[in-house]
Amino acid sequence: MFIIASVVALVAVIVIAVTVGVVVSKNNNSKPKSLSTSSNGGSGSTSTSGGSSSSPSNSNDPSNFQKDSRLKKSLYGLAYTPEGSLPDYGCSSTLGKFSRTRTKLMSQLTTRIRLYGADCNQTALVLEAIKQTKVDMQVFLGNFMVEGDNAAYERQRDVIKNAIQTYGVDHIAGITVGNEFMLNYVTGHNIQDVNSAAADEGAAILTASITDTRSMLSSLNLSKSIPVGNSDAGSYFNTKVLQAVDYGLSNVHAWFANTTIDAAAGWVNTFFQETNVAPAALLSNKPKMYIAETGWPSASSDVSNANNGASDASVANLQKFLDTFVCQANSGGIPYFYFEYFDEEWKDKKYGARTLKDIKIPDCPSP
């Protein structure tokens, strides 16, 4: 649950921020209400004083840019929501220098990113930025579903289809249909068991959209080229949904399980293996499981949420989680998306203040 913002010139820090993540237990009330986010002078800003580490050496060629030795390609993947890409907060995303600069920074940390939705033209903007900067990057596209709003699903499906027709499949790793849909469905309907008959009604809504996405890909003769998956909180995967997908993205946050920082990395791995990997392996389609989100808060603007009952939200603990989880996951071949990349204005408005964090990216290459 972190956002890596800009590299601050002349200071060896990475700006990392905290935002509200996803519960991995069934105690939804444990979610912090106000966690801090960070940026350098504004949401998702990039420092240029003293020369940005990712400033292009030829401003006319976005693919010609200077690398920063402080950035390590140590992260398997990054969770990313482009600034201004949420309809409820105004669609203000544009390509421009901002998107290209972010893509250059991301490419020095990972070769994979995942998106949550497709509104506000974010699919095309991300793929265009990758095209212009010519970086090595695979994208898991997203279609954010809301119960009772099939028009939103169809709108995003069509945007994704158009982006595929425009940019091809070279940089598309998959399409994720639904994010926390089952979590929202069962909690919204007061259902206790995510695999109950009542919950299966929600699963049927979700699997219908998954099937429809496969049909869209078939219409483009791409049914075997692009995997289709689903993302949800770690404890809320429905078996019928997993049987319908090629992969599952699981949100696993040790913070919400009231785990100590010393045990956090091990807890995430154990939870993921036992709750997600092992059950998926028993299914006939054997969907590949990824950790969709994981991280540790660096601060809270709400005093009551500055501690999870076991460890503090602090920069030191954030650094410890980075140092332990990232390297352990990389050496163990665990696919994960670190949460998350850039500051987002809506999270600052909703969850708290912004302050720079002194963080060093661990030097252990990702698989």
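That block above? That's the structure.
Let me begin by describing the structure that accompanies this report. The model shown is predicted, which means the values in this text are computed figures rather than measured ones.

Quick look at the sheet that holds strand E9 (residues 288-293)
The pairing of strands in a sheet comes from backbone hydrogen bonds and takes either a parallel or an antiparallel form. The strand order across the open sheet formed by seven strands is E3-E4-E5-E6-E7-E8-E9, and the pairing between neighbours is parallel. Of all strands in the sheet, those with a lone pairing partner are strand E3 (78-79) and E9, marking the two edges. With three bridges joining them, strand E6 (residues 172-179) and strand E7 (residues 228-233) adopt parallel strand pairing. Each residue of the ladder has a partner; that of Ile175, found in E7, is Val228. Contacting strand E4 (112-114), strand E5 (138-143) and E6, helix H2 (residues 122-133) runs over the sheet at an angle of about 170 degrees to E5. Running over the sheet, helix H4 (residues 181-188) touches E6 and E7 and is turned about 45 degrees from E7.

Here's the deal with the pattern of salt bridges
Any two side chains of opposite charge can pair, on the condition that their charged atoms come close. Tallying each qualifying case throughout the model produces seven salt bridges. Linking Asp68 and Arg70 is a salt bridge whose minimum nitrogen-to-oxygen distance equals 2.6 Å. Residue classification places Asp68 among the buried positions, given a relative accessible area of 7%. Accessibility expressed as a relative area gives 27% for Arg70, which makes it partly exposed. Of the charged contacts in the structure, one is a salt bridge between Asp119 and Arg155, with a shortest N-O distance of 2.8 Å.

As for the packing of H4 against helix H5 (residues 197-219)
When two helices pack together, you describe them by how their axes are tilted relative to each other and by the distance separating the axes. Remark: H4 packs on H5, axes separated minimally by 10 Å, with the N-to-C direction vectors making an angle of 145 degrees. The way H4 lies across H5 gives a crossing that is right-handed. On H5, the residues that touch Phe181, Met182, Tyr185 and Val186 of H4 are Ala198, Ala199, Glu201, Gly202, Ala203, Ile205 and Leu206. Looking at the contact of H4 with H5 residue by residue, the class counts come to nine nonpolar, one polar and one charged.

Remarks on H4
For H4, the set of buried residues is Phe181, Met182, Leu183, Tyr185 and Val186. On its buried face, H4 sits against E6, H5, E7 and helix H6 (239-242). Asn190 sits one or two positions beyond H4 and adopts a positive phi of about 55 degrees.

Notes on the packing of aromatic side chains
Here the distance between the centres and the angle between the planes together describe a pair of aromatic rings. What the rule picks out here adds up to 14 aromatic pairs. Taking the centre distance of 6.1 Å and the plane angle of 90 degrees together, the rings of Tyr76 and Phe337 count as edge-to-face. With a gap of 261 residues between them, Tyr76 in the loop between strand E2 (14-18) and E3 and Phe337 in the loop between helix H8 (315-332) and helix H9 (345-351) connect regions that are remote in the sequence. A network of ring pairs unites the aromatic residues Tyr76, Phe140, Tyr247, Tyr290, Phe321, Phe325, Tyr336, Phe337 and Tyr338 as a single cluster. Sitting above the plane of the Phe65 ring, Lys67 keeps its charged end 4.2 Å from the centroid.

Digging into the packing of helix H7 (residues 261-281) against H8
Two elements in contact, H7 and H8, have axes whose closest approach is 9 Å; the angle formed by their N-to-C orientations is 30 degrees. For the element pair H7 / H8, the angle class is roughly parallel. H7 and H8 meet at a crossing whose hand is right-handed. Contacts between H7 and H8 involve Ile261, Asp262, Ala264, Ala265, Gly266 and Val268 on the former and, on the latter, Asn317, Lys320, Phe321, Thr324, Phe325 and Gln328. Taken together, the residues of the contact of H7 with H8 sort by class into six nonpolar, four polar and two charged.

Examining the state of the cysteines
Per the counting criterion, the structure on display carries one disulfide. Note on cysteine connectivity: Cys327 is disulfide-linked to Cys364, with sulfurs 2.3 Å apart. Handedness of the Cys327-Cys364 disulfide follows from its S-S torsion of about -85 degrees: it is left-handed. Taken as a pair, Cys327 in helix H8 and Cys364 in the segment after H9 lie far apart in primary sequence, 37 residues in all. Owing to a relative accessible area of 25%, Cys327 belongs among the partly exposed residues under this scheme. Given the relative accessible area of 12%, Cys364 is considered buried.

Calculation criteria
- Residues numbered from 1 in each chain as written.
- Predicted model: local features only at pLDDT ≥ 70, side-chain atom pairs only at ≥ 80, totals over all residues.
- Heavy atoms only, no water.
- Pairing = 2+ DSSP bridges.
- Helix = DSSP H or I, 4+ residues; strand = E, 2+ residues; numbered from the N terminus.
- Contact = heavy atoms within 4.5 Å.
- Axes fitted to C-alpha atoms, helices over the stretch in contact; angles between N-to-C directions.
- Salt bridge = Lys/Arg side-chain N within 4 Å of Asp/Glu carboxyl O.
- Buried < 20%, exposed > 50% of the residue type's maximum accessible area, 1.4 Å probe, protein only.
- Left-handed = near helix turned anticlockwise from the far one by under 90°.
- Nonpolar A, V, L, I, M, F, W, Y, C, P; charged D, E, K, R; others polar.
- Phe/Tyr/Trp six-rings, centres within 6.5 Å; stacked < 30°, edge-to-face > 60°.
- Lys NZ or Arg CZ within 6 Å of the ring centre and 35° of its normal.
- Parallel < 35°, antiparallel > 145°, perpendicular 65-115°, else oblique.
- Disulfide = S-S within 2.5 Å.

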